[in-house]
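Each chain, written out:
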Amino acid sequence: MRLEYPLFIFIFFLLSGFGYFELFAPLGWWQYLIGPLPMILVFWLLFDKLNLKEKRVDNGVGLMIVLSGLVIWIILDAFIFN
């Protein structure tokens, strides 16, 4: 499995846990255009500039990366930000 897929999901869970998507809510409809721009820049830096597209991990390692992101998101959402 390529490392970029589980890492993408892990980062998405972290951003959801920290409330990244709620930062742009006051912008109304513009949140859908402005909100993804910093995310696109971060993913571009991670995947293209650091060559994470060429790195491979076992399926179990990829699953553990995704599950750790999910657990961190649940902990942040349930205990810290509520």
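Data block above holds the structure.
Since the model is a prediction, treat every value here as computed from it, not as a measurement. (Residues numbered from 1 in each chain as written. Predicted model: local features only at pLDDT ≥ 70, side-chain atom pairs only at ≥ 80, totals over all residues. Heavy atoms only, no water.)

(A) Examining the nonpolar core more closely. Counting 12 residues, the largest nonpolar core is built from L3, L7, F10, I11, Y20, F24, M39, F43, F47, L52, V57 and I65. Looking at this core, the elements with two or more residues in it are α1 (4–17) and α3 (36–49). The contact partners of V57, leaving out residues within four places of it in the chain, are M1, L3 and G62. (Core = buried A, V, L, I, M, F, W, Y, C linked by side-chain atoms within 4.5 Å. Buried < 20%, exposed > 50% of the residue type's maximum accessible area, 1.4 Å probe, protein only. Helix = DSSP H or I, 4+ residues; strand = E, 2+ residues; numbered from the N terminus. Contact = heavy atoms within 4.5 Å.)

(B) Layout of the packing of α1 against α3. Following both chains from N to C, one finds α1 and α3 inclined at 150°, their axes separated by 12 Å at the closest point. The handedness of the crossing between α1 and α3 is right-handed. On α3, the residues touching E4, L7, F8, I11 and L15 of α1 are M39, F43, L46 and F47. A class-by-class count of the residues in the contact of α1 with α3 yields eight nonpolar, no polar and one charged. (Axes fitted to C-alpha atoms, helices over the stretch in contact; angles between N-to-C directions. Left-handed = near helix turned anticlockwise from the far one by under 90°. Nonpolar A, V, L, I, M, F, W, Y, C, P; charged D, E, K, R; others polar.)

(C) The packing of aromatic side chains, seen in detail. Across all of its chains, the model carries six aromatic pairs by this definition. Here Y20 and F21 contribute two aromatic rings whose centre-to-centre distance is 5.3 Å and whose plane-to-plane angle is 80°, an arrangement assigned as edge-to-face. Assessed through its relative accessible area of 13%, Y20 is described here as buried. With centroids separated by 5.4 Å and ring planes inclined at 75°, the aromatic side chains of Y20 and F24 adopt a geometry described as edge-to-face. Neither Y20 nor F24 differs from the other in exposure class; each is buried. One aromatic cluster is present, built from ring pairs that chain together F12, Y20, F21 and F24. (Phe/Tyr/Trp six-rings, centres within 6.5 Å; stacked < 30°, edge-to-face > 60°.)

Shape descriptors only; they carry no functional weight alone.
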